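# Breakdown of the fold
Now for the letters of each chain:
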Amino acid sequence: AVVSTQSGHYGRGKCKKHEEIACFDLFFRKNPFKGEFTLFCGLEECIRHILNLKFDKSDVEYLKTVLPYDVHQGFIDYLLDMDCSDISVTAIPEGTIVFPREPLITLEGPLAKLQILETTLLNLVNFASLVATNAARFRLVAGDHVKLLEFGLRRAQGPDGGVSASRYCFIGGFDGTSNILAGKMFGIPCKGTNAHSFITSFTSLKDLNNLDLTINRSSVKLEEFIQIALKYKTEVCELIGVNGTETIEGEFASFISYALTFPEAFLVLVDSYDVFNSGIPNYLAVALALHQLNFKAAGVRIDSGDLAYQSIEIRKTFTRIADHYSIPELARMSIVGSNDICEDTIASLNQQNHCLDALGVGTHLVTCKSQPALGCVFKLVRISGVNRIKLSEDPMKTTMPGRKALYRLMGKEGYPLADIIQNCDEPAPSGRVLCRHPNNEVKRVYINPSKVIPLQQVYIRDGKLVGELPSIQGIRKRCESEIRNMRRDHVRSMNPTPYKVSVSEDMYQLMHRMILEHTPIKEMQ
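Residues numbered from 1 in each chain as written. Predicted model: local features only at pLDDT ≥ 70, side-chain atom pairs only at ≥ 80, totals over all residues. Heavy atoms only, no water.

In this section: the overall build of the protein chain. When helices and strands are counted, the protein chain shows 17 helices and 21 strands. Taking all 525 residues of the protein chain together, the buried fraction comes to 54%. At a minimum sequence separation of 6, the contacts of the protein chain that also span at least 24 residues come to 74%. A total of about 24700 Å² of accessible surface is found on the protein chain, and carbon and sulfur atoms cover 50% of it. Where the 59 positive side-chain charges of the protein chain centre and where its 59 negative ones centre are 5 Å apart. (Helix = DSSP H or I, 4+ residues; strand = E, 2+ residues; numbered from the N terminus. Buried < 20%, exposed > 50% of the residue type's maximum accessible area, 1.4 Å probe, protein only. Contact = heavy atoms within 4.5 Å. Areas by Shrake-Rupley, 256 points an atom, 1.4 Å probe, with all protein chains shown as cover. Lys, Arg positive; Asp, Glu negative; His and termini not counted. Charge placed at Lys NZ, Arg CZ, Asp CG, Glu CD.)

Below, the structure is given as structure tokens:
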């Protein structure tokens, strides 16, 4: 559609519409997940795409084969010569909390070039903002005391979606990822445990005979370590009231193998067979053997069943063993939970006073299962110095015309009170500010802000990068700060309070004057 539109603008060389200087806004109309906030992400990828956009001969030759008509050679030459040296970009900084109808990115430049950019920019912003917002919602409901680990690569929409999800989940507040490639590309901490298949691949201690296992910083040989672990296993089973002969020997063998391979990071799944009658006693036996060799076991992961109940009972068991052996750190070993976790799951776990230290979240996080799309749009608001508007029977779909400026009005308690959208040539708000609802003439309020924050920055001017692109850590910190500085009722999961996005008096008058000008008067007989 975009290419055919540009070819239509170009015509047979007679029309110069494609060269007219236009202004487009990229924005969305509704916050996702039935919430009242969105984290704006994807800006850096948009900026880099604009700076590097170029068509080569193979691109245009392919376009000739898919367009349903003869393409004017002038249009082909236009694409081959095209760059973005005459485009300017103003945007809200990445990681900022944003709201419906606010211009996230504003582009100015030749009409054809901006329309060619449209689809890519929407693609880059839509998913990035959606999944970062989803991650932030998980962080809000989990609280700061629980580690959140992104385990979604296997369920993501393809490898590209998986890498993007890992990146923006980290920005949105997750602590680590199981995606090694994302860790390499973006410096995200990589976290994970062993797999059930690793554990179930062992059948008995005899499986260890064929393995060349040694333990770092220790002269203890494999057979000695096995005997130490067996001794502790007998003691642990007696202490916690478990029949030691009923524990699964293959699981025990897999734990020994994993412990000797990763003595500093011994964290294993304990639900392959039976959590309390096999997994926990086997784990504790190996953990105590590691401790005897001056290593600290990391913890366990449960991937099925009642996570709240199991975590509470496991913590009690850890504490009991720690007290018995006078090893306090055993009581503090990590308990990680996973198993199709969503926001509601975490809220339920909180109500049950769970003892989980970390949560591994996959499907509901990276696929944004509760809302798979944000719905950003890219609309023309000005061309050749003339403001433009698009009308709709749905007032939320009527665009705001013209080049805009966006400000955040802060209250005396330090929280944002409202955002206000103005015409770009209006002075910044000061003193007593009249804020109007964009569509309802009776909804208006005066605000006396303690501080006025301009939300937009220039990132590209005439094709050159002039704005700073922060690191992934910098964007993550901005997200944390933005959420922390919002009133809790605006960002809560259940029944959040809507945040006010208003317009100035001048913007209101411009918008409604243009609505009247472009709405035909119906005639009835």
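Structure's up, so let's keep going.
Because the α-helix completes a turn every 3.6 residues, residues three or four places apart line up on one side. Among all positions in helix α2 (residues 43-52), only L43, E44, C46, I47 and I50 are buried. Projection of α2 onto a plane perpendicular to its axis shows the buried side chains occupying an angular sector of 160°, all on one side. Looking at the packing, one finds that the buried side of α2 touches β3 (88-91), β5 (105-110), α5 (111-142), α6 (158-172), β19 (457-461) and β20 (464-465). (Arc of directions from axis to C-beta.)

Here the focus is unusual backbone geometry. Although it is not a glycine, F33 sits at a positive phi angle of roughly 60°. Among the secondary structure elements, F33 is positioned in the loop between β1 (21-27) and β2 (38-39). Of note in this structure, R101 is not a glycine but carries a positive phi near 75°. Along the chain, the position of R101 falls in the loop between β4 (97-98) and β5. Residue classification places R101 among the buried positions, given a relative accessible area of 8%.

A word on the environment of E235. With respect to the helices and strands, E235 occurs in helix α9 (residues 222-240). Residue class for E235 comes out partly exposed when judged on its relative accessible area of 28%. It is 10.0 Å that separates the C-alpha atoms of E235 and I321, two residues lying 86 residues apart in sequence.

The six strands are arranged β7-β6-β11-β10-β9-β8 in an open sheet whose pairing can be described as parallel. Two strands close off the open sheet at either side, each with one partner strand: β7 (176-177) and β8 (267-269). Strand direction decides the pairing type here: strand β10 (residues 334-338) and strand β11 (residues 358-361), joined by three bridges, are parallel. Note that in β11 the partner of G337 across the bridge is L359. (Pairing = 2+ DSSP bridges.)

Take helix α13 (residues 343-351) next. If you check which residues of α13 are buried, you get E343, I346 and L349. Buried residues of α13 fall within an arc of 125° about the axis and therefore sit on the same side. Facing away from the buried side of α13 by more than 90 degrees, the exposed set consists of D344 and Q351. Those residues of α13 hidden inside the fold are in contact with α5, α12 (307-325) and β11. Positioned one or two residues after α13, N353 has a phi angle of 55°, which is positive.

Ordered by their spatial adjacency, seven strands build an open sheet running β13-β12-β1-β5-β3-β19-β20, and the pairing between neighbours is antiparallel. Single-partner strands in this sheet number two, and they are β13 (386-387) and β20. Alignment of strand β12 (residues 377-383) against β13, held across two bridges, turns out to be antiparallel. When the sheet's bridge partners are listed, R382 is paired in β13 with N387. Packing of α5 onto the sheet brings it into contact with β1, β5 and β12, and relative to β5 it is tilted by some 155°. (Axes fitted to C-alpha atoms, helices over the stretch in contact; angles between N-to-C directions.)

Turning our attention to the packing of aromatic side chains. Tallied over the full model, the rule gives 11 aromatic pairs. Where Y283 meets F318, the ring centres are 6.0 Å apart and the plane angle is 40°; that geometry is what we call tilted. Of this pair, Y283 sits in helix α11 (residues 275-292) while F318 sits in helix α12, and the two are 35 residues apart along the sequence. F318 carries the same exposure label as Y283, and that label is buried. An aromatic cluster is defined as three or more aromatic residues linked by ring pairs; in this entry it consists of F198, F202, Y258 and F262. In this arrangement the basic side chain of K233 is found over the ring face of F252, its NZ or CZ atom lying 4.5 Å from the centre. Between the NZ or CZ atom of R436 and the centre of the ring of Y508, over which it lies, the distance is 3.8 Å. (Phe/Tyr/Trp six-rings, centres within 6.5 Å; stacked < 30°, edge-to-face > 60°. Lys NZ or Arg CZ within 6 Å of the ring centre and 35° of its normal.)

At a minimum axis distance of 11 Å, the contact between α9 and helix α10 (residues 249-261) shows a crossing angle of 125°. Between α9 and α10, the angle falls in the class oblique. You can see that α9 and α10 cross each other, and the crossing is right-handed. Across the interface between the two elements, L222, F225, I226, A229, L230 and K233 of α9 pack against F252, I256 and L260 of α10. Its residues assigned to classes, the contact of α9 with α10 shows eight nonpolar, no polar and one charged. (Parallel < 35°, antiparallel > 145°, perpendicular 65-115°, else oblique. Left-handed = near helix turned anticlockwise from the far one by under 90°. Nonpolar A, V, L, I, M, F, W, Y, C, P; charged D, E, K, R; others polar.)

Let us look at the side chain of T363. Its location among the elements puts T363 in helix α14 (residues 363-366). When residues no more than four places from it in sequence are discounted, the contact partners of T363 are R155, D340, C368 and K369.

One can find G95 in the loop between β3 and β4. Residue G95 is classed as buried on the basis of its relative accessible area, which comes to 0%. G95 sits 53 residues away from G42 along the chain, and the two C-alpha atoms are 8.9 Å apart. If we skip the residues at most four places from it in the chain, G95 touches L39, F40, I475, R478, C479 and E482.

A separate point is the packing of α9 against α11. Helices that pack against each other are described as a pair by the angle of their axes relative to one another and the distance between those axes. Orientation of α9 relative to α11, taken along the N-to-C sense of each, is 130°, at an axis distance of 8 Å. As far as their axial angle goes, α11 and α9 are oblique. As for the relative orientation of α9 and α11, their crossing is right-handed in sense. Each of F225, I228, A229, Y232, K233, V236, C237 and I240 in α9 lies in contact with α11, whose residues at this interface are P281, N282, L284, A285, V286, L288, A289, L290 and Q292.

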